[in-house]
Amino acid sequence: MNKRFLAATGIAFLAAGSAAAQSSGNWTGFYGGLQVGYADIDTDVSGIDGDGAIGGIILGYDYDLGDWVVGGGFDYDWTDVDLGSAATVEDVWRITARAGYKVTSVGLLYGIGGYAEAATDNLGSDNGWFIGAGYEHIMAPNVSIGGEIRYHEFNEYNSPGVDVDATTFQARATYRF
């Protein structure tokens, strides 16, 4: 009985929050949150690649232009992706720009791109770029959830002739101020 009551209360809370968010439909403002996902990292050197968990924080600002939303932000991810005997990727941070179309007042389909820097345990750090796409949905007046896929490229990573590519898939939850 208690489980049914809790489930019904949770569904009612989400429905009420979603209805309130739909009435506003305004994406303008600052946000902060968390993201977690999977990273697949490849190099052009045979046997030097790896994959694993990635997760961190996100901060940013969006501006609502009617049907379109533009914004910028910063994110930092911790990871521990082992690249064989060569190195372990420890973190990546990004400066982002995104632009998207509101498919509903609470649903945003967007493209994202920008500058990235990745660091390893013994090969130092290097910069590169990334591009990707995502979807974000306002679940309650100040809470949104979403997902992204990003492709990263780091040419000649601290060593002439070694190129590193990474693809990340991440889910995110943000609080909008």
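All of these numbers come straight from a predicted model, not from anything done at the bench.

The rules behind the values
- Residues numbered from 1 in each chain as written.
- Predicted model: local features only at pLDDT ≥ 70, side-chain atom pairs only at ≥ 80, totals over all residues.
- Heavy atoms only, no water.
- Helix = DSSP H or I, 4+ residues; strand = E, 2+ residues; numbered from the N terminus.
- Buried < 20%, exposed > 50% of the residue type's maximum accessible area, 1.4 Å probe, protein only.
- Contact = heavy atoms within 4.5 Å.
- Pairing = 2+ DSSP bridges.
- Axes fitted to C-alpha atoms, helices over the stretch in contact; angles between N-to-C directions.
- Salt bridge = Lys/Arg side-chain N within 4 Å of Asp/Glu carboxyl O.
- 1 Å grid on protein atoms, 1.4 Å probe; cavity = no way out; pocket = protein on both sides within 12 Å on 5 of 7 lines; lining within 4 Å.
- Points joined across faces, edges and corners; volume = space filled by probe spheres on them.
- Nonpolar A, V, L, I, M, F, W, Y, C, P; charged D, E, K, R; others polar.
- Polar contact = N/O pair within 3.5 Å; in protein donor to acceptor, adjacent residues only side chain to side chain.

Visitor: Can you tell me about the overall build of the protein chain, naming the residues and giving the values?
Guide: Summing up its helical and strand segments, the protein chain has one helix and eight strands in all. Reading the helices (α) and strands (β) of the protein chain from amino to carboxyl end gives α-β-β-β-β-β-β-β-β. Buried residues in the protein chain amount to 42% of all 177 residues. Long-range pairs, those at least 24 residues apart, make up 56% of the contacts in the protein chain with a sequence separation of at least 6.

Visitor: Residues and numbers for the sheet that holds strand 2 (residues 49-64), please.
Guide: In spatial order, the strands read 1-2-3-4-5-6-7-8; together these eight strands close into a barrel with antiparallel pairing. If you compare each strand with its neighbour and ignore which way they point, the axes differ by 25° on average. When strand 3 (residues 68-82) meets strand 4 (residues 88-104), the two strands line up antiparallel, connected through 13 bridges. Looking at strand 4, one finds that Val81 is bridged to Val89.

Visitor: Account for unusual backbone geometry, naming residues and giving values.
Guide: Despite not being glycine, Glu156 shows a phi value in the positive range, around 50°. Take Glu156: it is sitting in the loop between strand 7 (143-154) and strand 8 (164-176).

Visitor: Tell me about the pattern of salt bridges, and please be specific about residues and values.
Guide: Evaluated as defined, the whole model comprises 10 salt bridges. A salt bridge links Arg150 to Glu148, with the shortest nitrogen-to-oxygen separation between them at 2.6 Å. Considered together, Arg150 and Glu148 belong to a single accessibility category, that of buried residues. Each of Asp75, Asp77, Arg94, Glu148, Arg150 and Arg172 takes part in salt bridges that share partners, so that together they form one network.

Visitor: Run through the pairing of strand 5 (residues 107-120), naming residues and quoting values.
Guide: Of the strand pairs in this sheet, strand 4 and strand 5 are connected by 14 bridges, and their pairing is antiparallel. From the neighbouring strand, Arg98 faces strand 5, where its bridge partner is Ile112. Relative to strand 6 (residues 125-140), strand 5 runs antiparallel, the two being bridged by 13 bridges. The residue of strand 6 that forms the bridge with Glu117 is Asn127. Between the antiparallel neighbours strand 5 and strand 6 lie four residues, among them Gly124 with a positive phi of about 80°.

Visitor: Can you lay out the environment of Ile149 for me, pointing to particular residues and giving the numbers?
Guide: Here Ile149 lies in strand 7. Along the chain, Ile149 and Gln170 lie 21 residues apart, while their C-alpha atoms are 6.6 Å from each other. Non-local contacts of Ile149, meaning those with residues more than four positions away in its chain, are made with Ile131, Gly132, Ala133, Thr167, Thr168 and Phe169.

Visitor: Any chance you could break down empty space enclosed by the protein for me, citing the residues and the numbers?
Guide: Inspection of every chain in the model, using the stated rule, returns one cavity of 30 Å³ or more. Around the largest cavity, the lining comprises 13 residues; the ones closest to its centre are Tyr31, Gly73, Thr96, Ile112 and Arg172. Where the lining of the largest cavity is concerned, the elements lending two or more residues are strand 2, strand 3, strand 4 and strand 7. Counting residues per element, the lining of the largest cavity draws most heavily on strand 3, at four residues. Its residues assigned to classes, the lining of the largest cavity comprises five nonpolar, three polar and five charged.

Visitor: Could you give an account of the side chain of Arg98, with specific residues and numbers?
Guide: The topology assignment puts Arg98 in strand 4. Engagement of the side chain of Arg98 in a polar contact is seen with the side chain of Asp62, the distance being 2.5 Å.

Visitor: An account of the pairing of strand 4 is needed here, citing residue identities and associated values.
Guide: In textbook terms, the turn of a hairpin is the stretch between consecutive antiparallel strands, and for strand 3 and strand 4 this stretch comprises five residues, one of which, Gly84, has a positive phi near 65°. Here strand 4 folds back onto strand 5 in antiparallel fashion, the turn holding two residues.

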